[in-house]
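# A structural walkthrough
Residues per chain are reported as follows:
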Amino acid sequence: MPANTEQLIEVVVQIADDHLILGHRLSEWCGHAPMLEEDLSMPNMALDLVGQSRALYSYAAQLESKGHSEDDFAYLRKDREYTNCLLVERPNTDFAHTMLKQFYFAAFMHPFWQGVKNGTDNTLSGIAGKAEKEIGYHIRHAGEWIVRLGDGTDESAERMNDAIEALHPYTGELLEVDEARQSCIVSGAIPEIAPIQTQWNATINNVFTQAKLTVPEIDYPQQGGRAGNHTEDFGFLLTELQYMQRTYPGAQW
Amino acid sequence: MYSQGLIGANTETEETQEFLDAFQARIDAEIKIEPNDPMPAAYRKTLIRMIGQHAHSEIVGMLPEGNWITRAPTLRRKVALLAKVQDEGGHGLYLYSAAETLGVSREQMTEELLNGTAKYSSIFNYPTPTWADIGAIGWLVDGAAIMNQVPLCRCSYGPYARAMIRVCKEESFHQRQGYELMKTLAEGNDDQKHMAQDALNRWWWPSIMMFGPSDTDSQHSDQSMKWKIKRFTNDELRQKFIDATVPQAELIGLTMPDPDLKWNETKNDNGGYDFGKIDWDEFWKVVKGHGMMNKDRIRARKKAWDDGAWVREAALAYAKKNEKQHSEAA
């Protein structure tokens, strides 16, 4: 058992919440995509994300040793107890917002998982091995759409710019290092943030340049998710997510 | 894509008696008809209608089940449902491609779905108000679909037959998954048992209507049987489905909502279930567009298509720009 178990659980749950909530949002598209190919690829990516959240919640439960299950974490906490970053809970709005959200997140998670894979925690390293490959595909998929939409028609460029204006302020939280994360960086379970920030910037700049889009300067970043301070939309997401577990407490499904 | 070369190709065939006899002889010898083979116009038309309807059913079928993805009760159920609905979309894509080998485009078929000229399986015009409906659809609707589709693996048209092999494997997995979901509910608490029985009560009759009108009233059956597009009649398939499904309900302690359902030793040589009278007025009401969800389903498809127009336009515009740049650079 690592010396900083509590901090490790906190970080594992943060990452699990990011994946669950982003996967949940993406799954809202199922059957309503702009084309059939996207009706196949968005659920595919949602499956990757929810799958990763399951592995992470199970690990958190194991570290915690209180007899909790992945579903206890996913379904039975109160809103303030979810510690996902705010970016992933933002509503889908349109296809430009959705792809940009995926892209920002994947561009962060890819180098993050690479670091975790080579880190000191064997279980996390195993999860990272699989996740790194999946998230690499998400960068490619979403990145290609950013380019097509940014450099497509006037309308698509306008929608991309609107998405950037709406979502870029939330990206800073991805790179935030709180006490729990710092402790896991020190133990070597997760990587140092500076090289990840460099890679994240490079990925965003590269794709935005191809897409003829501009990376904005953010003076007032939005944050609060890691401390459980969520946007108004989040309550509605939880209402749907938790509906069955709350209506039929204790039932097995 | 291979099939796109066939869209709009000249498919005219002079249908002399000699040609029709040779075509029938080939069918009777169980030799598959392939996209480039000459075929009677009516054979082509029947297949385009059938495969198109099948593809549309997969696509519209994503909606009633997709309805529960964000409310699935556990993470395991959530990923299983997501994967299942994604499979249905995959079947749609696969089938549109099979239909394209007959010279019709996906865009044309989509337009016909949205403007109401093309049909899809009426079963998807029923609502899914509870979680148990997800189990009932997997067990009964996919179960009925398999009864229809397994014989289609031997359909005389090669691309459709081959597509069906993969589709049937996945549908059979869905059917077991749906049954397992219902079994879990039937073994659960009173609320869950009630939810399962209620779903069965609502889905049983529509499921057995899925095989279409009785043989005496079906307008398409005879010629399709002769051309070996279909291998069994609607009533034969319906009976097979009922005989297979009734014991499954009994096994998990659910009751079929049909007081006239009774095993009959002497039916069809080996025995079979007698069952109550099907309400064909209800069937035709829904087929004609007056089921609870008909309008909502098409509206949802149309909304997705219209809301996504700017995305498809942008992708095309980007592809054209790039094509131009590549040719200028060359």
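Residues numbered from 1 in each chain as written. Chains lettered and ligands numbered in written order. Predicted model: local features only at pLDDT ≥ 70, side-chain atom pairs only at ≥ 80, totals over all residues. Heavy atoms only, no water.

### Considerations on the overall build of chain A
Here is the rule we go by: Only DSSP runs of H or I covering at least 4 residues are called helices, and only runs of E covering at least 2 are called strands; the numbering of each starts at the N terminus. Between the two quantities, the radius of gyration covers C-alpha atoms and the globule rule is 2.2 Å times the number of residues to the power 0.38. Accessibility here uses a 1.4 Å probe with only protein chains present; expressed as a share of the type maximum, an area under 20% marks a residue as buried, one over 50% as exposed, and anything in between as partly exposed. Here, residues are in contact when the closest pair of their heavy atoms is within 4.5 Å. Working definition of accessibility: Shrake-Rupley area with a 1.4 Å probe, residue cover restricted to the visible protein chains. Only four residue types enter the charge count: Lys and Arg as positive, Asp and Glu as negative, with His and the chain ends excluded. Where a charge lies is defined by one atom per residue type: Lys uses NZ, Arg uses CZ, Asp uses CG and Glu uses CD.
If you tally the helices and strands in chain A, you get ten helices and zero strands. For chain A, the succession of helices and strands along the chain, N to C, is α-α-α-α-α-α-α-α-α-α. The C-alpha atoms of chain A give 18 Å as radius of gyration, which agrees with the globular expectation for 253 residues (18 Å, within 12%). Along the longest, intermediate and shortest principal axes, the C-alpha atoms of chain A span 55 × 40 × 35 Å. Within chain A, the fraction of its 253 residues that count as buried is 60%. Residue pairs in contact within chain A that sit at least 24 positions apart in sequence constitute 80% of those at least 6 positions apart. On chain A, roughly 10200 Å² of surface is accessible, and the fraction owed to carbon and sulfur atoms is 48%. Across chain A, the 18 positively charged side chains and the 37 negatively charged ones have centroids separated by 4 Å.

### Thoughts on unusual backbone geometry
Keep in mind that most residues, glycine aside, have a negative phi and that most peptide bonds are trans. Residues and elements named next belong to chain A. Of note in the backbone geometry, Ser65 takes a positive phi value of approximately 50° without being a glycine. Looking at the secondary structure, you find Ser65 in the loop between helix 2 (36–64) and helix 3 (70–75). Take Ser65: its relative accessible area is 55%, and that puts it in the exposed class. Although it is not a glycine, Lys212 adopts a positive phi angle of roughly 60°. Considering the arrangement of structural elements, one finds Lys212 in the loop between helix 9 (193–210) and helix 10 (233–247).

### Quick notes on the interface of chain A and chain B
For clarity, the cut-off: Two parts lose some accessible area (1.4 Å probe) when they are put together, and adding that loss for both gives the buried area. By convention in these notes, a salt bridge is any Lys or Arg side-chain nitrogen within 4 Å of a carboxyl oxygen on Asp or Glu. Counting of polar contacts relies on pairs of N or O atoms within 3.5 Å, with two restrictions inside protein: one atom must be capable of donating a hydrogen and the other of accepting it, and residues adjacent in sequence are counted only when both atoms are side-chain atoms.
If you look at the interface, chain A gives 48 residues, while chain B gives 46 residues. Taken together, both faces of the contact between chain A and chain B bury some 4000 Å²; the carbon and sulfur share is 68%. It is Leu36, Leu47 and Trp253 of chain A in chain A that bury the most area against chain B; as a group they hold 18% of the surface buried on that side. Among the salt bridges present, the one from Asp39 of chain A reaches Arg301 of chain B, with a minimum N-O distance of 4.0 Å. At the junction of chain A and chain B, the tally comes to 16 residue pairs in polar contact (both at pLDDT 80 or more). Elements that contribute at least two residues to the side of chain A that touches chain B include exactly helix 1 (5–27), helix 2, helix 3, helix 5 (95–117), helix 6 (122–150), helix 7 (154–167) and helix 10 of chain A. With twelve residues, the single largest contributor to the side of chain A that touches chain B is helix 2 of chain A.

### Quick notes on the packing of aromatic side chains
Cut-off, in case you're wondering: Note on aromatic contacts: the rings of Phe and Tyr and the six-membered ring of Trp form a pair at centre separations within 6.5 Å, being stacked when their planes are under 30 degrees apart, edge-to-face when over 60 apart, and tilted otherwise. Sitting over a ring, as applied to charges here, requires NZ of Lys or CZ of Arg to be within 6 Å of the ring centre and within 35 degrees of the ring normal.
Summed over all chains, the structure comprises 22 aromatic pairs over all chains. Summarising the aromatic geometry, the rings of Tyr82 of chain A and Phe234 of chain A are spaced 5.7 Å apart at their centres and angled 70° between planes, so their arrangement reads as edge-to-face. Here Phe234 of chain A lies in helix 10 and Tyr82 of chain A lies in the loop between helix 3 and helix 4 (86–89), a separation of 152 residues in the sequence. As far as burial versus exposure is concerned, Tyr82 of chain A and Phe234 of chain A are alike and both buried. Note on Trp263 of chain B and Tyr273 of chain B: the rings are 5.0 Å apart at their centroids and 75° apart in plane angle, and the pair reads as edge-to-face. With a gap of ten residues between them, Trp263 of chain B in strand 1 (residues 262–264) and Tyr273 of chain B in strand 2 (residues 272–274) connect regions that are remote in the sequence. Residue Tyr273 of chain B is classed as buried on the basis of its relative accessible area, which comes to 11%. Put simply, the rings of Phe19, Phe23, Tyr43 and Trp227 of chain B pair up and form one aromatic cluster. The lysine or arginine in question, Arg148 of chain A, covers the ring of Trp145 of chain A, its NZ or CZ lying 4.5 Å from the ring centre.

### A closer look at empty space enclosed by the protein
Residue and element names in this part refer to chain B. What counts, and what does not: Whether a set of points on the 1 Å grid over the protein atoms alone is a cavity depends on a 1.4 Å probe fitting there but being unable to get out, while an open set qualifies as a pocket with protein on both sides within 12 Å along at least five of seven lines; lining residues are those with an atom within 4 Å of a point. Grid points are joined across faces, edges and corners, and a volume is the space filled by probe spheres set on the points. The classification used treats Ala, Val, Leu, Ile, Met, Phe, Trp, Tyr, Cys and Pro as nonpolar, Asp, Glu, Lys and Arg as charged, and all other residues, Gly among them, as polar.
Under the defined criterion, the tally for this structure stands at two cavities of 30 Å³ or more. As for the largest cavity, its lining consists of Glu65, Arg77, Ala80, Leu81, Lys84, Trp131, Ile134, Gly138, His174, Gln177, Gly178 and Leu181. Looking at the lining of the largest cavity, the elements that each hand over two or more residues are helix 3 (75–100), helix 5 (132–149) and helix 6 (158–186). When the residues that make up the lining of the largest cavity are grouped by side-chain class, the tally is five nonpolar, four polar and three charged. In this model, the second largest cavity occupies a volume close to 40 Å³. As for the second largest cavity, its lining consists of Arg26, Ile27, Glu30, Ile31, Lys32, Ser156, Lys228 and Arg231. By residue class, the composition of the lining of the second largest cavity is two nonpolar, one polar and five charged.

### Observations regarding the pattern of salt bridges
When charged atoms on two side chains of opposite charge get close, those side chains can pair. As enumerated under the stated definition, the model contains 32 salt bridges over all chains in all. A salt bridge links Asp94 of chain A to Arg159 of chain A; the nearest nitrogen and oxygen atoms lie 3.0 Å apart. Linking Asp94 of chain A in the loop between helix 4 and helix 5 with Arg159 of chain A in helix 7, this pair joins segments that are 65 residues apart in sequence. Ionic pairing is found between Lys84 of chain B and Glu65 of chain B, a salt bridge with its closest N-O pair at 2.5 Å. Linking Lys84 of chain B in helix 3 with Glu65 of chain B in helix 2 (residues 41–66), this pair joins segments that are 19 residues apart in sequence. Here Lys84 of chain B falls in the buried class, since its relative accessible area comes to 4%. Judged by relative accessible area, Glu65 of chain B falls into the buried class, the value being 2%. A single network of salt bridges, built from pairs that share partners, joins Glu65, Lys84, Glu88 and Asp142 of chain B.

### Topic: the nonpolar core
Put simply, the rule reads: Take the buried residues of types Ala, Val, Leu, Ile, Met, Phe, Trp, Tyr and Cys, join any two whose side-chain atoms come within 4.5 Å, and each joined set is a nonpolar core.
Ranked by internal contacts, the top residues of the largest apolar core, which has 149 residues, are Leu100, Trp113 and Ile146 of chain A together with Trp131 of chain B. Grouped together as the second largest cluster of nonpolar side chains are 27 residues, Leu95, Tyr96, Leu152 and Cys155 of chain B included.

### Description of a negative patch on the surface
Definition in use: Patch definition: residues with relative accessible area over 30% and no salt bridge; like charges joined within 9 Å; nonpolar side chains (Val, Leu, Ile, Met, Phe, Trp, Tyr) joined within 5 Å.
Taken together, the side chains of Asp154, Glu158, Asp162 and Glu165 of chain A define an acidic patch exposed on the protein surface. Counting through the fold element by element, Glu165 of chain A comes out in helix 7.

### Let's talk about the confidence of the model for chain B
Basically, it comes down to this: Per-residue confidence from the predictor is given as pLDDT, running between 0 and 100.
Summary statistics for chain B give a mean pLDDT of 94 and a share of 96% for residues scoring 70 or more. Here the complex is predicted with pTM 0.95, and the ipTM for its interfaces comes to 0.97.

### Observations regarding the state of the cysteines
The condition is simple: Working definition: a disulfide is two cysteine sulfur atoms within 2.5 Å of each other.
Scanning the entire structure with this criterion turns up zero disulfides over all chains. Summary of cysteine pairing: Cys85 of chain A is not part of a disulfide, and the nearest cysteine sulfur, belonging to Cys184 of chain A, is at 17 Å.

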